[in-house]
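Descriptive analysis of the structure
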Amino acid sequence: MIDDEFSSELMRKYSFLSKRVSVDWLTVECSPKNLVDLLQSLRDQEGFDILIDLTAVDHGEDCESRFSTVIHLYSLVHRGYIRVHSVCSDNDNPIMPSCAEIYPAANWHEREAYDMFGIKFTDHPNLKRILMWDDYPYFPLRKEFPLAGIDTPLPAADVAEVTDASVEPAPMMGGPFVSGASGPMSDSEPRAKDESWTEEMEKGS
Amino acid sequence: MEIKSDQFAYNGKVEGDVIVTRSDAVINWIRKHSVWPMPMGLACCAIELMASAASRYDISRFGMEVMRFSPRQSDCMIVAGTVTYKMAEVVRRIYDQMGDPKWVVAMGACASTGGMYRSYAVMQGVDNIVPVDVYVSGCPPRPEALLDAMMKLQDKIGKESSVSNLSKKQPVASA
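Residues numbered from 1 in each chain as written. Chains lettered and ligands numbered in written order. Predicted model: local features only at pLDDT ≥ 70, side-chain atom pairs only at ≥ 80, totals over all residues.

Examining the overall build of chain B
Counting secondary structure elements, chain B contains 6 helices and 4 strands. Within chain B, the proportion of its 175 residues that are buried is 39%. (Helix = DSSP H or I, 4+ residues; strand = E, 2+ residues; numbered from the N terminus. Buried ≥ 20, exposed ≤ 12 C-beta atoms within 10 Å, placed from the backbone.)

Focus on the overall build of chain A
Each helix and strand in chain A was counted, giving 4 helices and 9 strands. Counting from the amino terminus, helix and strand elements in chain A follow one another as α-β-β-α-β-β-β-β-α-β-β-α-β. Contacts in chain A between residues far apart in sequence, at least 24 positions, make up 44% of those at least 6 positions apart. (Contact = placed C-beta atoms within 7 Å.)

A word on unusual backbone geometry
Following Asp-100 of chain B, the chain continues to Pro-101 of chain B via a peptide bond in cis, the omega torsion being -5 degrees. Relative to the elements of secondary structure, Pro-101 of chain B occurs in the loop between α4 (85-97) and β3 (103-107). Pro-140 of chain B follows Cys-139 of chain B through a cis peptide bond whose omega is -10 degrees. By secondary structure assignment, the location of Pro-140 of chain B is in the loop between β4 (134-136) and α6 (143-159). Phi angles above zero are rare outside glycine, and Arg-79 of chain A is one such case at about 55 degrees. Structurally, the position occupied by Arg-79 of chain A is in the loop between β4 (67-75) and β5 (80-87). Residue classification places Arg-79 of chain A among the exposed residues on the basis of 9 C-beta atoms within 10 Å. With a phi close to 65 degrees, Asp-123 of chain A is a non-glycine residue in the positive phi region. Inspection of the secondary structure puts Asp-123 of chain A in the loop between β7 (120-122) and β8 (152-153). In this structure Asp-123 of chain A comes out as exposed when scored by C-beta crowding, with 11 C-beta atoms within 10 Å.

Considerations on the sheet that holds β5 of chain A
Residue and element names in this part refer to chain A. Strand order across the open sheet formed by 5 strands is β1-β2-β5-β4-β3, with mixed pairing between neighbours. Of all the strands in the sheet, just β1 (18-19) and β3 (50-58) have a single pairing partner and so form its edges. Relative to β5, β4 is paired through 8 bridges, and the arrangement is antiparallel. The residue of β5 that forms the bridge with Tyr-74 is Tyr-81. The strands touched by helix α3 (residues 106-117) within the sheet are β3 and β4, with β3 carrying the most contacts at an inclination of about 10 degrees. (Pairing = 2+ DSSP bridges. Axes fitted to C-alpha atoms, helices over the stretch in contact; angles between N-to-C directions.)

What to know about the interface of chain B and chain A
Across the boundary between the two partners, chain B contributes 18 residues, which contact 21 residues of chain A. Residue composition of the side of chain B that touches chain A, grouped by class: 8 nonpolar, 6 polar and 4 charged. (Nonpolar A, V, L, I, M, F, W, Y, C, P; charged D, E, K, R; others polar.)

Re the nonpolar core
Counting residues in each nonpolar core, the largest one holds 45 residues, and the members touching the most others are Ile-78, Val-79, Val-105 and Met-107 of chain B. The set of elements that each furnish at least two residues to this core consists of β1 (37-41), α3 (45-53), β2 (76-80), α4, β3, α5 (108-113), β4 and α6 of chain B. Aside from chain neighbours lying at most four places away, what touches Ile-78 of chain B is Pro-37, Met-38, Pro-39, Met-40, Leu-49, Val-105 and Met-107 of chain B. Judged by nonpolar contacts, the second largest core, of 28 residues, contains Leu-39, Leu-54, Val-84 and Tyr-114 of chain A. (Core = buried A, V, L, I, M, F, W, Y, C linked by C-beta atoms within 7 Å.)

Focus on the sheet that holds β3 of chain B
Residues and elements named next belong to chain B. Taken in spatial order, the 4 strands of this open sheet run β1-β2-β3-β4, and their pairing is parallel. What marks the edges here is a single partner per strand, and that holds for β1 and β4. Taken pair by pair, the neighbouring strands of this sheet meet at an average axis angle of 15 degrees, ignoring direction.

Here's the deal with α6 of chain B
Think of an α-helix as 3.6 residues a turn; residues three or four steps apart then line up on the same face. All names here are of chain B. Its 17 residues give α6 an end-to-end C-alpha distance of 25 Å, which sits within 8% of 24 Å, the value for a rise of 1.5 Å per residue. Of all the residues in α6, the buried ones are Leu-146, Ala-149, Met-150, Leu-153, Gln-154 and Ile-157. Viewed along the axis of α6, the buried residues span an arc of 150 degrees, placing them on a single side of the element. In α6, those exposed residues whose orientation departs by more than 90 degrees from the buried face are Glu-144, Asp-155 and Lys-159. Turning to α6, the residues buried within the fold contact α2 (23-32), α3, β2, β3 and β4. (Expected span 1.5 Å × (residues − 1). Arc of directions from axis to C-beta.)

This is the structure:
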């Protein structure tokens, strides 16, 4: 069981860890340079045998440390989770050590985090985009990227030449399930006020 | 010898069973009753597409049940689902591989307009890359709606010029 006793024992064993505030499971803060060693021991010594999730967070352009990764591990021994949070040191060129060697399940998760946030996972066996096409120039889940998208050429140049199509921004305004700024709103259908932002429309606070 | 006007009339006993008609009417009649759809199933619409081919809705009642997964054996692409920009290239290449004459059905909101996916990754309507003949509304459309669309496509095939549709121009998508 993962209780206070377990967590204080863990913090004593791995002195480089610090505890983070969490409403549910034990959450620890680990620096990138200790991350691989920590995960190795969590898997082999502490019984955290399943990688549940690996994802990244963009805390905002103005934040001191902008990008971080979050790893969720589950233990079939303790029947509980641990959450490992690591902050990328460089805001412009975020780097994180890969843990695909330890947990093979992390392979695609890290590719996704790279695809969406541009975090480079060092020593990853195959770090390329997983969702967007290979030469897509942006990282769509970064805070400065508008949901509507940015004008980009189509992935296939020959198709673009024949069809005259390109990747165009699709703002929420004018789309379905979006109400105008004024007028009556329907109660019977899903609806949302349009708060999307694009190149033309300022980003709200 | 005096020739009576009724002697020019067709004599079935002498000349056999011959029907006189326009070539368009015959060719289109043949085409529209043997539509071979290419199921371009990309999302949940594909499930409804499968349902319309199964026993309860039975698309074969209308002469277009021969779903072929090879574009070279089919002449009607049913785009059933969300077309992402990454997939758009594939859709176009498969369309290019289909033999002429060919038709496209945009099934459901996503294929027609992008649907609820107003985002950076989703093409806002497959008509940006292929010429669409019939759009089907719904998210996803019921099998009846697809059957109706396919019957509308049959009507459309019946009214086309059977030669001029051998080379289709790519319509310029409205901005």
